Amino acid sequence: MRFRPFPVEEVIHVLCFDVSEEELRDGLKPSDTQRLHIHNAYLDPLGWTGHPNFTVQQFNLKDLTDLVKQTSQPKPAMLVIDSLSWMLRHMTPPAVCQTLQQLRKGGAVRAVIALLHTDMHQRGTVGSVCHLATSLISVAPGVKGNEAVAKITKRSKSGKVIQNEEIFCITEDLTVTMLSKPCHAETKTNNTEEEQADPTANLTFNLRLSDAELEAKQKLTLPFVFSNEKKTALLHPGPGSGRILYEPDANDDYDQEDPDDDLDV
């Protein structure tokens, strides 16, 4: 299985920070480079020479929109950022995330593909950037020297999350070839066994009751639970039971609104 290239009519703008334009074009076919619009920020990413092609400070909605609209195309273009770590090292993470969010809603760019070196940033910064993405691909070394494992996470508009793993390799002509999927049969079996395991099996005390203990528990009368016989005896007292009878005196002046009116307070 091989990745299919982008459609021929697709216009791609590339912001080069990590590699030079020559290195990026090296190995690509002339037909592929014709639709690439490379903005070389590799030589002067911070604008120290005074005549930069593209700088970190231009990573905002207005400058990026003007940059993309310089080329006439009928459809929104695709923006590739290599890499986003340059912006996060010289700009605040909220500003970078705001620009990415505005690009998604602006309309000038159809999609944004960005490379991020996660080992260069704090976990919170990486999480904030990844939260904006609809698809994430994390690459890790494979078992063999020429193989790598890609962990893919896709988020749909409905909120559904799909995760997958693929083993791939890159040939000398920069073709990405899918080899197979990692085998997780043993892991799934172990997880099933752990879920079915009894957590009370190795306790030093018994949480279960035998039939005799269960019967004794059901016959036990709790001290504050009245039986029907006891309720009847309390509600209908028999002869000889004590009673308190109170007859109001004529001098009693009881005010229901102020029961303590007779107190000298």
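Residues numbered from 1 in each chain as written. Predicted model: local features only at pLDDT ≥ 70, side-chain atom pairs only at ≥ 80, totals over all residues. Heavy atoms only, no water.

Draft legend 1. Geometry of the overall build of the chain. Scanning the chain for helices and strands turns up nine helices and eight strands. Across the chain, every contact between residues at least 6 apart in sequence was considered, and the portion connecting residues at least 24 apart equals 52%. Of the accessible surface of the chain, which amounts to about 20,800 Å², a share of 54% is contributed by carbon and sulfur atoms. (Helix = DSSP H or I, 4+ residues; strand = E, 2+ residues; numbered from the N terminus. Contact = heavy atoms within 4.5 Å. Areas by Shrake-Rupley, 256 points an atom, 1.4 Å probe, with all protein chains shown as cover.)

Draft legend 2. Summary view of the sheet that holds strand β8 (residues 176-180). Spatially, the four strands line up as an open sheet ordered β5-β6-β7-β8, and their pairing is antiparallel. A strand with exactly one partner marks an edge of an open sheet, and here the two such strands are β5 (135-141) and β8. Averaged over all pairs of adjacent strands, the angle between their axes in this sheet comes to 35 degrees, without regard to strand direction. By the bridge criterion, four bridges tie strand β7 (residues 161-170) to β8 in an arrangement that is antiparallel. Residue pairing for β8: I167 is matched across the bridge by S180. (Pairing = 2+ DSSP bridges. Axes fitted to C-alpha atoms, helices over the stretch in contact; angles between N-to-C directions.)

Draft legend 3. Structural view of the sheet that holds strand β1 (residues 12-16). A sheet is described by the order of its strands in space; here four strands give the open sequence β2-β1-β3-β4, paired in parallel fashion. The sheet is open, and its two borders are formed by β2 (36-40) and β4 (109-114), each paired with just one other strand. On average, each strand axis in the sheet is tilted by 20 degrees relative to the strand beside it, whichever way the strands run. Where strand β3 (residues 77-82) meets β4, five bridges bridge the pair, whose relative direction is parallel. Residue pairing in the sheet places L79 in a bridge with V112 of β4. Taken strand by strand, helix α3 (residues 61-69) contacts β1, β2, β3 and β4, and its axis lies near 130 degrees from that of β1.

Draft legend 4. Fine view of the nonpolar core. Residues L15, F59, I81, L84, M87 and L100 are the most contacted members of the largest nonpolar core, which totals 25 residues. When contributions to this core are tallied by element, the ones reaching two or more residues are α3, β3, α4 (85-90), α5 (93-106) and α6 (123-132). Of the residues forming this core, the biggest block, four residues, is contributed by α5. C16, L36, I38 and M78 belong to the second-largest nonpolar core, a separate cluster that totals six residues. (Core = buried A, V, L, I, M, F, W, Y, C linked by side-chain atoms within 4.5 Å. Buried < 20%, exposed > 50% of the residue type's maximum accessible area, 1.4 Å probe, protein only.)

Draft legend 5. Fine view of the pairing of β1. Across the five residues of β1, five count as buried, placing the element largely inside the fold. Burial along β1 is two-sided: I12, V14 and C16 and H13 and L15, pointing in opposite directions, are all buried. As judged from the five bridges shared by β1 and β2, these two strands associate in the parallel manner. In the strand pairing of β2, V14 is matched with I38.

Draft legend 6. Spatial organisation of the packing of aromatic side chains. Inspection of every chain in the model, using the stated rule, returns two aromatic pairs. Considering the side-chain rings of F17 and F54, the 6.2 Å spacing of their centres and the 75 degrees angle between planes classify their relative orientation as edge-to-face. Of this pair, F17 sits in the loop between β1 and α1 (21-25) while F54 sits in the loop between β2 and α3, placing them 37 residues apart in sequence. An aromatic cluster of three or more residues is present, and its members are F17, F54 and W86. (Phe/Tyr/Trp six-rings, centres within 6.5 Å; stacked < 30°, edge-to-face > 60°.)

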